[in-house]
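Listed below are the residues making up each chain.
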Amino acid sequence: MVKKTKELNLTNPEDFNLWKNFLQQAGIKNFSTAEVDQVDLTIGIFENQKLLATGSLAGNVLKYIAVSADSIGTGSEFNSIVSELIGRLALQGIFHVFVFTKPKYVASFQHLGFKSLAISAYGAVLERGFPDIATYLADIKQPEKPVKKTAAIVMNANPFTLGHKFLVEQAARKNDLVYVFVVATNAGLFNTAERLKLVKQGIQHLKNVKVVSGGSYMVSYATFPAYFLDSSNDLIEYQTTLDALIFKKWIAPYLKITTRYLGSEPLSRTTNIYNETLEKILVPEIKVNIVSRRQLSNGEVISASKVRKMIAENDLSKLSELVPETTLSFIRDNLADLKNRIQKGMKIRGN
């Protein structure tokens, strides 16, 4: 019988129910609106009207890959669905691909040229193509002379606040070199380029600090989408574990990082789970130093979410208590644009 590859329209109830029921039979259960809305393309391999395999794309991430029980043994449908998705990305000029999968499927993806980045008891993340993690690390400029103590901070800085500045200063005071990795995503109010710029401007007085992009490997949408979505605790912990393992296996050894600095997190459920998981995964090989969040005189912690709320409410009167002058100047100069982004639906809640 002839097999055909067709696109599935997940906004069509008939296609969605067929797709969902098929995936549920394969043991895939997460169909939250936040997750499904990220899907750009879904395809299926059919034999007559029977769905044999399906897979989706969210950016350059393969998702919802599943093959019918009758086809698992041959591997042909699995190979076909993955190859088709990779081909669709290639047509867009995208040659670097990630996949989240269950540990039992790692070998199948490796046979198709994927390299394992991290594997936990519950999941795995792999990549294929170029530029890969080796390229990312090679592009980070390292000191010409060896240093004794190297630390790291990963921050979203949406936007950079006096709280972020305080955390970096604490790390800089106790280490010879500090890498500040800025999360690379345009899912927040301030885009990646803006956040990188504000972090660099905000810590330019610290000569032993290097600010770099987190790329696709640290709390990026590729490796940790739950950070940017309203997700369950289990999903956040699952993805955080993979994120922490990538840092421990690849980032820290290459850059000789021995300490990871975190800000205490009384406000964000997601970040709090992230911090707890980092401690569990990184220690004892990498020390985790949690710094108490900087507070205002009234005891309120400084948070980027409060800054974004003040922008939305057009209330900048007390912004100087929360952000450095460089961030304040940027907000004032770009207030109309920032408010326009909010009006178009850019979220201000979250991390």
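Please refer to the structure placed before this passage.
Residues numbered from 1 in each chain as written. Predicted model: local features only at pLDDT ≥ 70, side-chain atom pairs only at ≥ 80, totals over all residues. Heavy atoms only, no water.

Considerations on unusual backbone geometry
Then comes step 1: The omega angle of the peptide bond from Phe130 to Pro131 is 0°, so this bond is cis rather than trans.
Then comes step 2: By the secondary structure assignment, Pro131 is in the loop between β7 (124-129) and α5 (133-138).
Then comes step 3: In this model, Val283 is joined to Pro284 through a cis peptide bond whose omega is 10°.
Then comes step 4: Checked against the element boundaries, Pro284 lands in the loop between α9 (269-282) and β12 (287-291).
Then comes step 5: One non-glycine residue, Asn48, lies in positive phi territory at about 55°.
Then comes step 6: Examined against the element boundaries, Asn48 turns out to sit in the loop between β2 (41-47) and β3 (50-58).
Then comes step 7: In this structure Asn48 comes out as exposed when scored by relative accessible area, which is 53%.
Then comes step 8: Phi angles above zero are rare outside glycine, and Asn314 is one such case at about 55°.
Then comes step 9: Examined against the element boundaries, Asn314 turns out to sit in the loop between α10 (304-312) and α11 (325-333).
Then comes step 10: Under the relative-accessibility criterion, Asn314 is labelled partly exposed at 47%. (Helix = DSSP H or I, 4+ residues; strand = E, 2+ residues; numbered from the N terminus. Buried < 20%, exposed > 50% of the residue type's maximum accessible area, 1.4 Å probe, protein only.)

Some remarks on the pattern of salt bridges
Then comes step 1: A complete count under the given rule lists 12 salt bridges for this structure.
Then comes step 2: The shortest N-O distance in the salt bridge between Glu169 and Lys165 comes to 3.0 Å. One end of the pair is Glu169 and the other is Lys165, both in helix α6 (residues 162-174) and four residues apart, which spans about a single turn.
Then comes step 3: A cluster of three or more residues bridged by salt bridges with shared partners is formed by Glu7, Glu84 and Arg88. (Salt bridge = Lys/Arg side-chain N within 4 Å of Asp/Glu carboxyl O.)

What about the sheet that holds strand β9 (residues 177-182)?
Then comes step 1: If you trace the five strands from one edge of the open sheet to the other, you get β10-β9-β8-β11-β12, paired in parallel fashion. Two strands bound the open sheet, and with one partner strand each, they are β10 (209-213) and β12. Across the sheet, the mean angle separating the axes of adjacent strands is 25° when strand polarity is ignored.
Then comes step 2: Inspection of the sheet shows β9 paired to β10 by five bridges, in the parallel sense. Paired with Val180 across the strands is Val211, a residue of β10.
Then comes step 3: Contacting β8 (150-155), β9 and β11 (259-263), helix α8 (residues 233-255) runs over the sheet at an angle of about 140° to β9. (Pairing = 2+ DSSP bridges. Axes fitted to C-alpha atoms, helices over the stretch in contact; angles between N-to-C directions. Contact = heavy atoms within 4.5 Å.)

Side note on the environment of Val288
Then comes step 1: For Val288, the position within the fold is in strand β12.
Then comes step 2: Assessed through its relative accessible area of 13%, Val288 is described here as buried.
Then comes step 3: Sequence separation between Val288 and Ala336 is 48 residues, and the spatial gap between their C-alpha atoms is 40 Å.
Then comes step 4: Once you skip the residues sitting within four places of it in the chain, Val288 turns out to touch Arg260, Leu262, Leu278, Glu279, Leu282 and Val283.

Considerations on the sheet that holds β7
Then comes step 1: An order of β1-β2-β3-β4-β5-β7-β6 is seen for the seven strands of this open sheet, with the pairing classed as mixed. Unpaired on one side and paired on the other, β1 (3-7) and β6 (115-119) mark the two borders of the sheet. Neighbour to neighbour, the strand axes of the sheet diverge by 25° on average, direction disregarded.
Then comes step 2: Pairing geometry for β3 and strand β4 (residues 61-67), over five bridges, is antiparallel. Residue Ser56 lies in a different strand from β4, and its bridge partner there is Lys63.

Some points on helix α1 (residues 13-25)
Then comes step 1: The terminal C-alpha atoms of α1 lie 18 Å apart, and with 13 residues this matches the ideal 18 Å at 1.5 Å per residue to within 8%.
Then comes step 2: Where α1 is concerned, the buried positions are Phe16, Trp19, Phe22 and Leu23. Projected down its long axis, α1 carries its buried residues within an arc of 140°, all on one side. Exposed residues pointing more than 90 degrees away from the buried face of α1 are listed as Pro13, Glu14 and Gln25.
Then comes step 3: For α1, the elements touching its buried residues are α2 (33-36), β2, β3 and β4.
Then comes step 4: One side-chain oxygen at the N-terminal end of α1 lies 2.8 Å from the backbone nitrogen of Glu14; it belongs to Asn12.
Then comes step 5: Following α1 by one or two positions, Gly27 adopts a phi angle in the positive range, close to 90°. (Expected span 1.5 Å × (residues − 1). Arc of directions from axis to C-beta. Polar contact = N/O pair within 3.5 Å; in protein donor to acceptor, adjacent residues only side chain to side chain.)

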